[in-house]
Amino acid sequence: MKRKYIISFLAIVMLLLFGGTAYTLNSQIGRIDSVDVRQGEYSKHSYYSPVKDEFISPQEIISNPEQTTGGDPGFRRFFGTSPNAPDFELPKYDLTKKDFSEKPSAYAAYWLGHSSAIIELDGYRILIDPVFDNAGPLPVIAKRMSVSPLQREEMPDIDIVLITHDHYDHLEKETIAFLADKDIQFIAPLAVGARMKGWGVPKDKITELGWDEIATHGTLSITAAPTVHYSGRSYNDRNKTLWASYVIKGKNKNLYWSGDTGYSEHFKEIGRKYGPFDLAFIEIDGWNKGWPNTHLFPEEVIDACRDLNTRLLFPIHFSTFDLALHPWDESIAIVADLAAENNLEIITPVMGEKVIPGITPTTRWWISP
């Protein structure tokens, strides 16, 4: 009889664990619009296919599994400690609310690791792709290689939250839910708003943009632009939401935020339409021959800057998650050298450091002490 009770107890515990995990996963994935809504709202756009019921990249995404370098690209790698992580604690400035002025600067930037950043422009504060924990739907998946310099509870007042796409390393449910009741304008690509509404953000606070559409906030204009990429948070929602880069224009500064992208003619088109740029935040990591056009290879970062006609390069999307099976510092080391060879000024602050782009000197902090 005792054995029977033990077995029953264990079965109940397993059911509860399974149910709790399933609930957590479902909540992390978030909602998407219905097929009817998608086909009714988005069919007018040339980059949405009602036949396939998905948004379409400017270039078809290529996959060459047999050419993958750096090890096994399977999903299991995200559950363990990365062999590509640094063997020393990365330098950073730990930030609290007290480190931010009550009124944002006319022009400044804080890199928070990977693709998370705060930009201050014209006295407004923009929070981009805020991810403070891991990059997966469960805490054990895709852990950070370095603790964030800022915790979400210590964030200063934010005017705009800008989201490039719905991948887990760019859109974090806990952070969106934490900010949902604040006086913030949330700007995201088409269909991403459904995710945020499901996490508590009121509909009237969300502005969804298609490519080349503009949102305004005070003196700022924010224009969504194309990237070569894809979207999705589960096995059955690939490309049901759009992805984007952004042109962020203030009174005196014109900035570009690349989002995730492979290299294509879209950079020249963005440079022609919206450039020149005072500063371009460009992703530099995530590349691999196994997926050759979903992220930029180091030499393509330089090509993109040339196409955009930018004066300064601010690298993002590196040193935080092992997404591409190569050493954490490989991309920044190569890109920094290429920038020097091509007379391109590069800004490389440590995580959490406040910089005035083009004025604040930065260092090659990734070199082991």
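Residues numbered from 1 in each chain as written. Predicted model: local features only at pLDDT ≥ 70, side-chain atom pairs only at ≥ 80, totals over all residues. Heavy atoms only, no water.

Peer 1: How would you sum up the pairing of strand β3 (residues 107-111)? Please name residues and give values.
Peer 2: Here β3 lies mainly inside the structure; five of its five residues are buried. Residues Y107, A109 and W111 line one face of β3 and the alternating positions A108 and Y110 line the opposite face, and both faces are buried. Bridging between β3 and strand β4 (residues 117-121) involves five bridges; their strand directions are antiparallel. What sits directly across from Y110, in β4, is I118. Two successive antiparallel strands, β3 and β4, enclose a turn made up of five residues, where G113 displays a positive phi of approximately 105°. Where β3 meets strand β16 (residues 354-355), two bridges bridge the pair, whose relative direction is antiparallel. Looking at β16, one finds that Y110 is bridged to K354. (Buried < 20%, exposed > 50% of the residue type's maximum accessible area, 1.4 Å probe, protein only. Helix = DSSP H or I, 4+ residues; strand = E, 2+ residues; numbered from the N terminus. Pairing = 2+ DSSP bridges.)

Peer 1: I'd like to hear about empty space enclosed by the protein, residue by residue, with values.
Peer 2: Gaps between atoms show up when a probe of the same size as a water molecule is rolled over them. With the rule as written, the count across this model stands at one cavity of 30 Å³ or more. In this structure, the largest cavity encloses a volume near 50 Å³. Considering the residues around the largest cavity, the lining is formed by M145, D285, S319, F321, D322, L323, A324, H326, P327 and W328. Residue classes in the lining of the largest cavity are distributed as six nonpolar, two polar and two charged. (1 Å grid on protein atoms, 1.4 Å probe; cavity = no way out; pocket = protein on both sides within 12 Å on 5 of 7 lines; lining within 4 Å. Points joined across faces, edges and corners; volume = space filled by probe spheres on them. Nonpolar A, V, L, I, M, F, W, Y, C, P; charged D, E, K, R; others polar.)

Peer 1: How would you sum up the sheet that holds strand β14 (residues 312-316)? Please name residues and give values.
Peer 2: Taken together, seven strands build an open sheet; the order of strands is β9-β10-β11-β12-β13-β14-β15 and the sheet is mixed. Pairing within the sheet leaves two strands with one partner each, and these edge strands are β9 (214-217) and β15 (345-346). Here β9 runs beside strand β10 (residues 220-225); their pairing, made up of four bridges, is antiparallel. By the bridge assignment for β10, H217 is matched with L220. Against the sheet, helix α6 (residues 298-308) contacts β12 (254-257), β13 (279-283) and β14, and its axis sits at roughly 150° relative to β13. (Contact = heavy atoms within 4.5 Å. Axes fitted to C-alpha atoms, helices over the stretch in contact; angles between N-to-C directions.)

Peer 1: Account for the environment of I214, with residues named and values stated.
Peer 2: Assignment of secondary structure puts I214 in strand β9. Between the alpha carbons of I214 and Y246 there is a distance of 9.6 Å; along the sequence they are 32 residues apart.

Peer 1: Tell me what's going on with the layout of surface pockets, and back it up with residues and numbers.
Peer 2: Estimated volume of the largest pocket: approximately 1,000 Å³. Around the largest pocket, the lining comprises 37 residues; the ones closest to its centre are F75, R77, F78, H167 and Y230. Looking at the lining of the largest pocket residue by residue, the classes come out as 17 nonpolar, 14 polar and six charged. Approximately 320 Å³ is the volume found for the second largest pocket. Together, 18 residues line the second largest pocket, and G80, T81, S82, K143 and D322 are the ones closest to its centre. Looking at the lining of the second largest pocket residue by residue, the classes come out as nine nonpolar, five polar and four charged.

Peer 1: Give a description of the environment of A142 that names residues and reports values.
Peer 2: Among the structural elements, A142 can be located in the loop between β5 (124-128) and β6 (160-162). Residues A142 and T320, spaced 178 residues apart in sequence, show a C-alpha to C-alpha distance of 9.7 Å. Not counting residues up to four positions away in its chain, the partners in contact with A142 are F78, N134, A135, G136 and F321.

Peer 1: Hey, could you go over the packing of α6 against helix α7 (residues 330-341) for me, with residue numbers and the actual values?
Peer 2: At a closest axis distance of 8 Å, the pairing of α6 and α7 adopts a crossing angle of 45°. Relative to α7, the element α6 lies oblique. The chirality of how α6 crosses α7 is right-handed. Taking contact as the criterion, the partners of P298, E299, V301 and I302 in α6 are, on α7, I334, V335, L338 and A339. Here the residues of the contact of α6 with α7 sort into seven nonpolar, no polar and one charged. (Parallel < 35°, antiparallel > 145°, perpendicular 65-115°, else oblique. Left-handed = near helix turned anticlockwise from the far one by under 90°.)

Peer 1: Tell me about a nonpolar patch on the surface, and please be specific about residues and values.
Peer 2: A contiguous nonpolar patch, built from F75, F79 and V140 and spanning about 290 Å² of accessible area, is present on the exposed surface. Summarising the element assignment, V140 is placed in the loop between β5 and β6. By relative accessible area, V140 is classed as partly exposed at 40%. (Patch = residues over 30% accessible without salt bridge, like charges linked within 9 Å, V, L, I, M, F, W, Y side chains within 5 Å. Areas by Shrake-Rupley, 256 points an atom, 1.4 Å probe, with all protein chains shown as cover. Salt bridge = Lys/Arg side-chain N within 4 Å of Asp/Glu carboxyl O.)

Peer 1: Run through the pattern of salt bridges, naming residues and quoting values.
Peer 2: Scanning all chains against the criterion turns up 14 salt bridges. For D166, the salt bridge identified is with R195, shortest N-O distance 2.9 Å. In this pair, D166 is assigned in the loop between β6 and α3 (173-179) and R195 in helix α4 (residues 193-198), connecting sequence segments 29 residues apart. In this structure, D166 and R195 share a single accessibility class: buried. What you see here is one network of salt bridges that share partners, running through R38, D53 and K240.

Peer 1: Pulling in residues and values, what's your account of the sheet that holds β16?
Peer 2: Strand order in the open sheet made by the seven strands is β8-β7-β6-β5-β4-β3-β16, with mixed pairing throughout. Each edge of the sheet is formed by a strand with only one pairing partner; in this case those strands are β8 (206-209) and β16.

Peer 1: Which residues make up helix α5 (residues 266-274), and what values go with them?
Peer 2: Residues that lie three or four places apart on an α-helix share one face, since the helix turns once every 3.6 residues. Turning to α5, its buried residues number three or more, namely H266, F267, I270, G271 and Y274. Buried residues in α5, looked at end-on, bunch into an arc of 140°, giving them a common side. (Arc of directions from axis to C-beta.)

Peer 1: Tell me about unusual backbone geometry, and name the residues and values.
Peer 2: Here the amide bond leading from G275 into P276 is cis, since omega sits at -5°, within 30 degrees of zero. One non-glycine residue, N309, lies in positive phi territory at about 60°. Along the polypeptide, N309 turns up in the loop between α6 and β14. Phi is positive for H317, which is not a glycine, with a value near 65°. Tracing the sequence through the fold places H317 in the loop between β14 and α7. Accessibility expressed as a relative area gives 1% for H317, which makes it buried.

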